[in-house]
Amino acid sequence: SLAPYILLPTSAPPAPKRRTREEAVKKAMFGESLDVDPASASRSELRVVTFDLDNTLWKTGAVISAANNALSSFLEERGVATPVRTEVVMGDLFKKDKARYCPLMEEKEEIVGANVDDDGVDNVGKSNVYIQSGAHKPVLLTQLRKDAVAEILVRHNNYNRSDAADFAEEAFDVWTTARHDAIPHHLAPSGVLDVFKRIRSLRTSTGEPPVVGAITDGNSDPRTVPDLGEYFDFVVNSEGVGVAKPDRRVYYAAVKEAASNPSVADLFASVLDAEGNVNEDAVEDALGPWWCHVGDDFIKDCVAAKELKMRSVWCRELVLPSKEEAAEKGKSSKAKRDVADLVKELAEMKVIEMSIGAEDFVADSIHREFSDAILDRFDDLGDTLSKWHEEGLRGAAAASNEGLDVVSKEVSAKEVEAAIADVLEVIMPDGLHDTSAVTNAAVGAAQPPAQEEPKEQKRDTKFCMNCGAKLPVEAKFCSACGEKQPAFNQ
């Protein structure tokens, strides 16, 4: 019987498939890894590469400002009186009818003042007021902007609703064109186009270049952007899906778009049903490190991609604070926080920054858990992706030459015992030191326990019974969750 023994896992149990932002960060903090095999990642060529857009490829604030100015000039040229800027009217409309522009909105959403621009966030007015959508619920910015223009025409220019709506469509086309025209002038300074050229030059095992797509919370389409359009095979906008990243449905929509490309159709045979819809239960098993996602948002891009077993690259060139901002932030003192406060703060931060000390270690651990690469220059991405791709091609060729002999090799009892030892650690109550009974029971051996002189073993570590964190054996309290620990007798 195994009753006298306690079996403790040496590695954390599998993480649940779906997590909130805070849950995902907490899992990383407390040492629970995602179910991704690092060895398989190093052997995978790249077949699909996807990008976030805003603040990953281009600086969003500058692009939006250029488009807003172009719209203002257009209205002035057409003789439209604009006592209030369109962006300010957008804010008013949103406050009056949030359900129209954010039907899945959480109650905590509100109009706030800040000096921020982001995916799914639209600058409103010169006072840096912006519309802040919830973590998973996008604001329908296209409709909101059109309605704002129409409101100006009706309220201040005596248009009827029908004519105003037609004019608003034309005005929005002007705004969109100006936005896309501004993008090439505000790309990441280190170099974007050279990276895309390099990706297109790669060749997969099928002889085709990797499929390249965009997964964005914004409403831009890089296929219409000068210089960028030729590099993108598909685009998924959260606005069209109805939810925002990191909601999996946005990524499922990307899977459906990618699967329509003949060069990777073989990878999605089990994912699409007869009608071409994504079988969500099969997605996680089908995806893998042959799909790499690149983005600036740690949660919406890196964590979301990792949860689907993709590779992830955290590209931070356009979101890192300037030296002046970093110095100013370092001067401000931080109140003492407990673990719950830290998890909540990390889940909400755009770029996770902490003071020197233990929290730096925690932040770095979280970064590395969910990011296969962390790049502060976009142009480093070309070398990173090329290296992974070449390693994957070499690994696939080597595996092909080796054949499948190892798969059919008979597994010995000792190998089973070793495998169990990798997963389970045996902790015995005082007076019980014979581990052979556990080993024999675990591997199904019929022989009696070996009669050897027991050896006293001393342990250096133990595990928290509340959260599973690994602790020094003498610890009286868990450093992760704070729970008091029972005494452990050597």
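What comes next is a walk through the structure.

### Observations concerning the overall build of the chain
Helix and strand counts for the chain stand at 19 helices and 13 strands. Looking at the 490 residues of the chain, the share that counts as buried comes to 44%. When contacts within the chain are restricted to residue pairs at least 6 apart in sequence, long-range pairs at least 24 apart make up 63% of them. As displayed, the chain has an accessible area near 25200 Å², and 50% of this comes from carbon and sulfur atoms.

### Describing the nonpolar core
With 33 residues, the main nonpolar core has F51, L57, F196, L228, F232, F378 and L381 as its most contacted residues. Looking at this core, the elements that each hand over two or more residues are β2 (48–51), α8 (193–201), β6 (211–216), β8 (291–295), β9 (311–315), β10 (373–375) and α16 (380–402). With sequence-adjacent residues up to four places away left out, F196 is seen in contact with F51, L57, V212, L228, Y231, F232 and F378. Formed by 27 residues, the second largest nonpolar core is a distinct cluster that contains Y252, V264, L267 and L308.

### Remarks on the sheet that holds β10
Strand order across the open sheet formed by 6 strands is β7-β6-β2-β8-β9-β10, with parallel pairing between neighbours. Each edge of the sheet is formed by a strand with only one pairing partner; in this case those strands are β7 (234–237) and β10. Neighbour-to-neighbour, the strand axes of the sheet open up by a mean angle of 20°, direction not taken into account. Pairing of β8 with β9 involves 4 bridges; the strand directions are parallel. Its bridge partner lying in β9, C292 is registered against R311.

### Comments concerning α8
All of the buried residues along α8 are V195, F196, I199 and R200. One side of α8 holds all its buried residues, which, seen down the axis, span an arc of 135°.

### Re the packing of aromatic side chains
Summed over the entire model, instances satisfying the criterion amount to 13 aromatic pairs. Each ring, one from F196 and one from Y231, has its centre 5.7 Å from the other, and the planes form 35°; the classification is tilted. Here the residue F196 occupies a position in helix α8, and Y231 occupies one in the loop between β6 and β7, the gap between them amounting to 35 residues. On the basis of relative accessible area, F196 is assigned to the buried category, the value being 1%. Arranged with centres 5.6 Å apart and planes meeting at 80°, the rings of F268 and W290 form a pair that is edge-to-face. One end of the pair, F268, is in the loop between α10 (248–259) and α11 (280–286); the other, W290, is in the loop between α11 and β8, and 22 residues separate them in sequence. Look at F268 and you get buried, because its relative accessible area is 3%. The buried category is assigned to W290, whose relative accessible area is 13%. Among the aromatic residues, those joined into a ring-pair cluster are F51, F196, Y231, F232 and F378. For the cation-ring pair, R145 lies above W175, with the distance from its terminal atom to the ring centre recorded as 3.9 Å.

### Some details on the pattern of salt bridges
Oppositely charged side chains can form a pair if their charged atoms are brought close together. What the rule picks out here adds up to 20 salt bridges. Note that D54 is salt-bridged to R179, the shortest N-O span being 3.2 Å. With D54 in the loop between β2 and α3 (60–77) and R179 in helix α7 (residues 161–182), this pair connects stretches of sequence that are 125 residues apart. Taken individually, D54 and R179 each receive the classification buried, so the pair is uniform in this respect. For K300, the salt bridge goes to D217, with nearest N and O atoms at 3.0 Å. Highlighted residues: K300 in helix α12 (residues 298–307) and D217 in the loop between β6 and β7, separated in sequence by 83 residues. In this structure K300 comes out as buried when scored by relative accessible area, which is 7%. Residue D217 is classed as buried on the basis of its relative accessible area, which comes to 7%. Residues joined in a network through salt bridges with shared partners are D52, K245 and D301.

### Looking at the packing of helix α4 (residues 86–96) against helix α6 (residues 141–157)
As a packed pair, α4 and α6 sit with axes 8 Å apart at the nearest point and diverge in direction by 105°. The orientation of α4 with respect to α6, classified from their angle, is roughly perpendicular. Contact residues: T86, V89, M90, L93, F94 and K96 in α4; L144, R145, D147, A148, V149, E151, I152 and R155 in α6.

### Details of the state of the cysteines
Inspection of every chain in the model, using the stated rule, returns 0 disulfides. Counting only cysteine sulfurs, C302 is the nearest neighbor of C315, a cysteine outside any disulfide, at a range of 9.6 Å. The buried category is assigned to C315, whose relative accessible area is 2%.

### Quick notes on the pairing of β2
Residues V48 and T50 point to one face of β2 and V49 and F51 to the other, with burial holding for every one of them. Two strands pair when backbone bridges link them, and β2 and β6 are joined in this way by 4 bridges, in the parallel orientation. From the neighbouring strand, F51 faces β6, where its bridge partner is A214. Strand direction decides the pairing type here: β2 and β8, joined by 4 bridges, are parallel. Bridge pairing links V49 to C292 in β8.

### As for the pairing of β9
The buried fraction of β9 amounts to 5 of the 5 residues, a majority that puts the element mostly inside the structure. Residues R311, V313 and C315 point to one face of β9 and S312 and W314 to the other, with burial holding for every one of them. For the handedness criterion, the β-α-β arrangement of β8, α12 and β9 is classed as right-handed. As defined by bridge partners, β9 adjoins β10 across 3 bridges and the pair is classed as parallel. Along β10, the bridge assignment pairs V313 with A373.

What counts, and where the lines are drawn
- Here, residues in each chain are numbered from 1, in the same order as that chain's written sequence.
- Side-chain atom pairs in this predicted model are given and counted only at pLDDT of 80 or more, local residue features only at pLDDT of at least 70, and totals for whole chains, interfaces and linings cover all residues.
- Calculated side-chain values reflect all of the structure's heavy atoms, with hydrogen atoms and water omitted.
- Each helix corresponds to a stretch of at least 4 residues labelled H or I by DSSP, and each strand to a stretch of at least 2 residues labelled E; elements are numbered beginning at the N terminus.
- Accessibility here uses a 1.4 Å probe with only protein chains present; expressed as a share of the type maximum, an area under 20% marks a residue as buried, one over 50% as exposed, and anything in between as partly exposed.
- Should any heavy atoms of two residues lie within 4.5 Å, those residues are counted as being in contact.
- All accessible areas in this document rest on Shrake-Rupley with a 1.4 Å probe, and a residue is counted as covered only by the protein chains that are shown.
- Put simply, a nonpolar core is a bunch of buried Ala, Val, Leu, Ile, Met, Phe, Trp, Tyr and Cys residues held in one set by side-chain atoms that sit within 4.5 Å of each other.
- Any two strands with at least two DSSP bridges between them are considered paired.
- Working convention: axes come from line fits to C-alpha atoms, limited for helices to the stretch in contact. Angles between N-to-C directions cover 0 to 180 degrees.
- This arc describes the spread of directions from the helix axis toward the C-beta atoms.
- Pairs were defined over the aromatic rings of Phe, Tyr and Trp, the Trp ring being its six-membered one, requiring ring centres within 6.5 Å. Orientation was assigned from the angle between planes: stacked under 30 degrees, edge-to-face over 60, tilted for the rest.
- A positively charged side chain is recorded as over a ring if its NZ (Lys) or CZ (Arg) lies within 6 Å of the ring centre. The angle to the ring normal must also be within 35 degrees.
- We define a salt bridge as a contact between a side-chain nitrogen of Lys or Arg and a carboxyl oxygen of Asp or Glu at a distance within 4 Å.
- When describing relative orientation, an angle under 35 degrees is termed roughly parallel and one over 145 degrees roughly antiparallel, while 65 to 115 degrees is termed roughly perpendicular and anything else oblique.
- Any two cysteine sulfur atoms within 2.5 Å of one another count as a disulfide.
- With strands facing away from the observer, any crossover in which the path from the first strand over the helix to the second runs clockwise is taken as right-handed.

All we've got here are geometric facts, nothing functional implied.
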